[in-house]
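# Survey of secondary and tertiary structure
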Amino acid sequence: MFMQNLPTKVRINEVATRDGFQSEAIFIPTDKKIEIINRLSLLGLNKIEVTSFVSPKAIPNLRDAEEVMNSITRNPNVTYVTLVPNEKGAERALATNADEINLVMSVSESHNLSNIRMTCDQSLAQFKRICTLMEGSNTRINASLATSFGCPFEGLIAPERVIDVIKQYLDIGIQSISIADTTGMASPRQVYELCDQVRNIFPTLDVTLHLHNTRGMGLTNALAGLSAGITQLDASLGGIGGCPFAPGATGNICTEDLVHMLESIDLDTGVDLPTLLDMARELPELLTHDISGQVAKAGLRTETRPLSQSVIDLKARNEKH
């Protein structure tokens with residue numbers, strides 16, 4: 001099932017500067033955020049989720065959203081995304097000429113109430129008002145389906161529920177969607193089967209798969225999604241970020257680990273992996289804690305190490321005999 005019918009080209013979206021930085025214990029300086037986004041913009045990424053136009057009281061770490069969006073150097077080959085929680089956030093996104101806004105609703109009623117303090121019907125009604133507000137602008141609208149595979153309160157989610165929400169999204173004017181494994185509960189077979197259904201029912205819909213590595217299956221789930229026809233994946237530099245309802249979670253799948261894996265099976269991401277690794281290795285000092293990414297620590301699988309002098313001497317002695 002998996003590792004079959006893989007796409008030749010995979011689009012990688014970076015979410016660290018929003019999903020990752022918002023969860024940190026310390027505030028990442030504004031000039032550092034701008035520098036990181038500008039560097040990421042040159043690495044061949046498809047999208048960068050820059051920030052969120054949420055209330056500074058709710059997420060103090062992103063209180064500089066306008067300044068960051070207005071100060072970055074935009075690459076025309078990159079889509080710059082902002083997360084928008086409500087109509088006020090949408091207005092702020094429009095004022096900064098965001099290329100795309102991302103709306104989020106959990107397909108689980110319980111998780112939506114816990115995370116957003118709204119029922120799903122209330123969220124959809126708000127999304128409809130935001131779509132009306134965005135009419136006539138050049139800003140695209142993406143909407144995420146959080147907890148598409150499982151909810152920590154309700155358990156595994158039926159695929160039919162996800163399909164139903166996608167239909168409701170499209171009915172109100174949303175242009176693309178993200179299927180999100182918010183708490184890392186998905187299994188590879190589950191990912192394959194849901195993504196396969198989505199691709200068959202909505203063959204022209206632009207779909208992103210947003211995965212977490214909470215239970216160590218993130219990269220395997222990515223391969224399952226690609227095998228089912230998905231060609232676009234979210235990931236986070238260093239694997240930072242994650243859901244507050246998954247204690248101990250390692251966060252999003254790691255961008256550099258994902259790119260390394262995909263390139264090892266000859267899939268084209270277009271991403272500059274060596275420079276991405278350099279950036280990942282700078283994160284622990286910036287964040288004052290370790291990262292979950294593995295390739296930044298171990299190095300590329302093709303890298304070799306020099307032999308110790310004692311082994312060189314041993315080889316030389318053996319060659320003489």
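What counts as what
Each chain carries its own residue numbering, running from 1 in the written order of its sequence. For a predicted model such as this one, the threshold for reporting local features is a pLDDT of at least 70, and the threshold for listing and counting side-chain atom pairs is 80 or more; totals across whole chains, interfaces and linings nevertheless cover every residue. To obtain the side-chain values, all non-hydrogen atoms of the structure were included, while hydrogens and water were left out. UniProt positions are given in the numbering used here, feature names are shortened, and annotations may be inferred rather than shown by experiment. Salt bridges are defined as contacts in which a side-chain nitrogen from Lys or Arg sits within 4 Å of a carboxyl oxygen from Asp or Glu. Secondary structure is summarised from DSSP: a helix means a run of H or I of at least four residues, a strand means a run of E of at least two, and numbering begins at the N terminus for each. Residues belong to one nonpolar core when they are buried, are Ala, Val, Leu, Ile, Met, Phe, Trp, Tyr or Cys, and are joined through side-chain atoms within 4.5 Å. Each residue is assigned to one of three classes by its accessible area relative to the maximum for its type, calculated with a 1.4 Å probe on protein chains only: buried under 20%, partly exposed between the two thresholds, exposed over 50%. Contact criterion: two residues are considered in contact whenever any of their non-hydrogen atoms come within 4.5 Å of each other. We treat two strands as partners when DSSP finds at least two bridges between them. Only the stretch in contact is used when fitting a helix axis, every axis being a line fitted to C-alpha atoms; angles between N-to-C directions are given from 0 to 180 degrees. In this scheme Phe, Tyr and Trp rings, the latter by its six-membered ring, pair at centre separations within 6.5 Å, and the angle between planes marks the pair as stacked below 30 degrees, edge-to-face above 60, and tilted otherwise. A helix is expected to span 1.5 Å for every residue after the first. Here the term right-handed applies to a crossover when the path leading from its first strand over the helix to its second strand runs clockwise, the strands being oriented away from the viewer.

Per an unreviewed UniProt entry, the chain goes by the name Hydroxymethylglutaryl-CoA lyase and belongs to Marinomonas primoryensis. The chain has a UniProt comment under Sequence similarities (unreviewed entry) that states "Belongs to the HMG-CoA lyase family."

### Some words on the pattern of salt bridges
With the rule as written, the count across this model stands at 15 salt bridges. Two residues, Glu66 and Arg92, come together in a salt bridge whose shortest N-O distance is 2.6 Å. Taken together, the residues span a long stretch of sequence, with Glu66 in helix α3 (residues 65–71) and Arg92 in helix α4 (residues 87–95) at a distance of 26 residues. The partner of Glu303 in a salt bridge is Arg305, with the nearest N and O atoms 3.7 Å apart. The structure contains a network of salt bridges with shared partners spanning Lys32, Glu35, Arg39 and Glu282.

### Some words on the nonpolar core
Nonpolar side chains in soluble globular proteins tend to end up buried together. Within the largest apolar cluster, 87 residues are counted, with the highest numbers of intra-cluster contacts made by Leu103, Tyr169, Ile174, Ile177, Leu209, Leu258 and Leu262. With eight residues, the single largest contributor to this core is helix α11 (residues 273–287). The contact partners of Leu258, leaving out residues within four places of it in the chain, are Ile12, Leu219, Ala222, Leu233, Ala235 and Ile253.

### Section: the sheet that holds strand β10 (residues 232–235)
The strand order β1-β2-β3-β4-β5-β8-β9-β10 describes a closed barrel built from eight strands, whose pairing is parallel. Mean inter-strand twist for the sheet, computed between neighbouring axes without regard to direction, equals 30°. Two elements, strand β3 (residues 79–83) and strand β4 (residues 100–106), share three bridges in a ladder whose sense is parallel. Counted as the bridge partner of Val81 is Glu100 from β4. Those strands touched by helix α8 (residues 188–201) are β8 (176–180) and β9 (206–210), and its axis lies near 165° from that of β9. The strands touched by helix α10 (residues 255–264) are β1 (11–14) and β10; relative to β1, the strand with the most contacts, the crossing angle is about 170°.

### Some remarks on unusual backbone geometry
Phi angles above zero are rare outside glycine, and Asn97 is one such case at about 55°. Although it is not a glycine, Thr288 adopts a positive phi angle of roughly 65°. With respect to the secondary-structure elements, Thr288 resides in the loop between α11 and α12 (295–298). On the basis of relative accessible area, Thr288 is assigned to the exposed category, the value being 61%.

### A word on the environment of Leu237
Examined against the element boundaries, Leu237 turns out to sit in the loop between β10 and α10. Relative accessible area serves as the criterion here: at 3%, Leu237 is assigned to the buried category. Taking the C-alpha atoms as reference points, Leu237 and Glu256, 19 residues apart in sequence, are found 6.5 Å from one another. The residues contacting Leu237, other than those within four sequence positions of it, are Glu14, Ala16, Thr255, Glu256, Leu276, Met279, Ala280 and Leu283.

### A closer look at the packing of aromatic side chains
Under the counting rule described, the total for this entry stands at one aromatic pair. Seen in terms of ring centroids, Phe127 and Tyr169 are 6.0 Å apart; in terms of plane orientation they differ by 55°. Their pairing is tilted. A residue pair is termed long-range when its members are at least 10 positions apart, and Phe127 in helix α6 (residues 120–134) and Tyr169 in helix α7 (residues 159–171) qualify at 42 residues. The class of Tyr169 is buried, set by a relative accessible area of 0%.

### A word on α11
The end-to-end C-alpha distance of α11, which contains 15 residues, comes to 21 Å, matching closely the 21 Å that a straight helix rising 1.5 Å per residue would cover. Turning to α11, its buried residues number three or more, namely Leu273, Leu276, Leu277, Met279, Ala280, Leu283, Leu286 and Leu287. Among the structural elements, α2 (30–40), α10 and α12 are those in contact with the buried residues of α11. Thr288 sits one or two residues past α11 and shows a positive phi near 65°.

### Here's the deal with the pairing of strand β2 (residues 47–52)
Among the six residues that make up β2, six are buried, leaving the element largely enclosed by the rest of the structure. As paired elements, β1 and β2 share two bridges and run parallel to each other. Each residue of the ladder has a partner; that of Asn13, found in β2, is Lys47. Examined bridge by bridge, β2 and β3 share five bridges and lie parallel to one another. Looking across to β3, one finds that Lys47 is bridged to Thr79. You can see the chain leave β2, run along α3 and come back into β3, and the turn it takes is right-handed.

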